[in-house]
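What follows is the residue order along each chain.
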Amino acid sequence: MENTSHATRPLLEVDNLKTHFPVRRGILQRVVDQVRAVDGVSFKIQPGETLGLVGESGCGKTTVGRTILRLIPATSGSVRYDGKDVFGMNASEMRDIRRKMQIIFQDPAGSLNPRMRVGRIVGEPLEVHGISSGDELRERVENLLERCGLWRQAADRYPHEFSGGQRQRIGIARALALEPRLIVCDEPTSALDVSIQSQILNLLADLQEDFGLSYLFISHDMAVIHHVCDRIAVMLDGQIVEEGDRDGIIEAPTHEYTKALLSAVPEADPRRDKKRLVYEGMRM
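Residues numbered from 1 in each chain as written. Predicted model: local features only at pLDDT ≥ 70, side-chain atom pairs only at ≥ 80, totals over all residues. Heavy atoms only, no water.

Visitor: Just to check I follow, could you spell out helix 9 (residues 256-263) for this structure?
Guide: It helps to recall that an α-helix has 3.6 residues per turn; residues three or four apart then point in one direction. The element helix 9 is extensively covered by neighbouring structure, given that six of its eight residues are classed as buried. Looking only at helix 9, the buried set comprises Tyr257, Thr258, Ala260, Leu261, Leu262 and Ser263. (Buried < 20%, exposed > 50% of the residue type's maximum accessible area, 1.4 Å probe, protein only. Helix = DSSP H or I, 4+ residues; strand = E, 2+ residues; numbered from the N terminus.)

Structure (structure tokens):
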């Protein structure tokens, strides 16, 4: 993928982002503690770049993605999209910015309304934003489905009629409908078979090249992150502990947690004896 780190202004800037959730107990549900899901995260994404946010389940990486999109309220910090303060936007401004920032969810089945036909699922964002309707809407939806590796008649079917990989293609088509510049990919392949994962990753790479997309790619799988990302940020307990260019992180990690994550990547050659490293506090 093309690395555009020479760009003068980042497309996305996240500065000291914190997202804490209150812990309530007792009959009166008093706040007795805070879960610091995200606790001071900062990074930048350039136009056309893919930043991989990697860590174990529960480290806060998904919360980062959803907080950036204001699907979860932030406790403090700032997010700037193309120089504009996302957290300071009113409802009208957010409506416009949501066209430019979209998300692909982890569970392709759970993210699609089972009562709606695929054409309605993919076309709904276009209707809500008043972009197209009628025959023009149908044509745009069918073109999106074709571009994502499905057939035009898929618009008339329901999500349960498709495989997991096909449902994820529907989710990708929906995310593309509003022609965004940034897509948060929240573990988009973790629920899929290995053979299907590569197809979806290749599709995302092709779409990035064709449309100049930027990705925040969230995953727990270092092998996937290595395959798709330009830069990598390693997250542990709500904080980024290491960040850098992909090859630098993979070949010469400096943090012990990063080394442990890399040691967990399966070895293709069964004759090689790979030593598994364990970082204190890792979930085994």
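Visitor: Looking at this structure, I do not really get the sheet that holds strand 3 (residues 50-54). What am I missing?
Guide: The pairing of strands in a sheet comes from backbone hydrogen bonds and takes either a parallel or an antiparallel form. With mixed pairing, six strands are arranged side by side in an open sheet as 6-7-8-3-9-10. A single partner strand is all that each edge strand has here, and the edge strands are strand 6 (101-104) and strand 10 (239-245). Neighbour-to-neighbour, the strand axes of this sheet turn through a mean angle of 15°, independent of strand direction. Of the strand pairs in this sheet, strand 7 (residues 182-186) and strand 8 (residues 214-219) are connected by five bridges, and their pairing is parallel. Across the sheet, residue Leu182 finds its bridge partner in strand 8, namely Ser214. Strands strand 9 (231-236) and strand 10 of the sheet are contacted by helix 9, whose axis makes an angle of about 105° with strand 9. (Pairing = 2+ DSSP bridges. Axes fitted to C-alpha atoms, helices over the stretch in contact; angles between N-to-C directions. Contact = heavy atoms within 4.5 Å.)

Visitor: Where do I start with the pattern of salt bridges in this structure?
Guide: Any two side chains of opposite charge can pair, so long as their charged atoms come close to each other. Applying the stated criterion to the full structure yields 19 salt bridges. One salt bridge connects Arg36 with Asp39, and the closest N-O pair in it is separated by 3.9 Å. Owing to a relative accessible area of 18%, Asp39 belongs among the buried residues under this scheme. Three or more residues joined by partner-sharing salt bridges are found here, namely Arg138, Glu139, Glu142, Glu146, Arg152 and Asp156. (Salt bridge = Lys/Arg side-chain N within 4 Å of Asp/Glu carboxyl O.)

Visitor: Honestly, the pairing of strand 1 (residues 12-25) in this entry has me stumped. Any pointers?
Guide: As a general feature of sheets, a regular strand has side chains that alternate between the two faces. Bridge count for strand 1 against strand 2 (residues 30-45) is twelve bridges, and the pairing is antiparallel. Following the sheet pairing, His20 is matched in strand 2 by Arg36. Relative to strand 4 (residues 76-81), strand 1 runs antiparallel, the two being bridged by five bridges. By the bridge assignment for strand 4, Leu12 is matched with Tyr81.

Visitor: Could you clarify how one ought to interpret the environment of Gly77 in this entry?
Guide: By the secondary structure assignment, Gly77 is in strand 4. Between the C-alpha atoms of Gly77 and Leu262, which are 185 residues apart in sequence, the distance is 30 Å. Excluding anything up to four places from it in sequence, Gly77 contacts Asp15, Asn16, Leu17 and Phe87.

Visitor: How should I be thinking about the environment of Gly149 in this particular structure?
Guide: Along the chain, Gly149 falls in the loop between helix 4 (134-147) and helix 5 (164-176). For Gly149, a relative accessible area of 48% corresponds to the partly exposed category. Measuring from C-alpha to C-alpha, the distance between Gly149 and Ala91 comes to 35 Å, with 58 residues separating the pair along the chain.

Visitor: Looking at this model, I keep getting lost on the state of the cysteines. Mind explaining?
Guide: Working definition of a disulfide: a covalent bond connecting the sulfur atoms of two cysteines. The final tally for this structure, using the stated rule, is zero disulfides. Just so you know, Cys229 is unpaired, no disulfide at all, and the nearest cysteine sulfur is the one on Cys185, 8.9 Å from it. (Disulfide = S-S within 2.5 Å.)

Visitor: Help me understand the layout of surface pockets in this model?
Guide: Within this model, the largest pocket holds a volume of roughly 270 Å³. Around the largest pocket sit Leu69, Leu71, Arg98, Met101, Gln102, Ile103, Phe105, Pro125, His129, Arg174, Ala175 and Leu178, which together line it. Counting residues per element, the ones that place at least two in the lining of the largest pocket are strand 6 and helix 5. Top element by residues in the lining of the largest pocket is strand 6. It accounts for three residues. Residue classes in the lining of the largest pocket are distributed as eight nonpolar, two polar and two charged. Size it by volume and the second largest pocket reaches roughly 220 Å³. (1 Å grid on protein atoms, 1.4 Å probe; cavity = no way out; pocket = protein on both sides within 12 Å on 5 of 7 lines; lining within 4 Å. Points joined across faces, edges and corners; volume = space filled by probe spheres on them. Nonpolar A, V, L, I, M, F, W, Y, C, P; charged D, E, K, R; others polar.)

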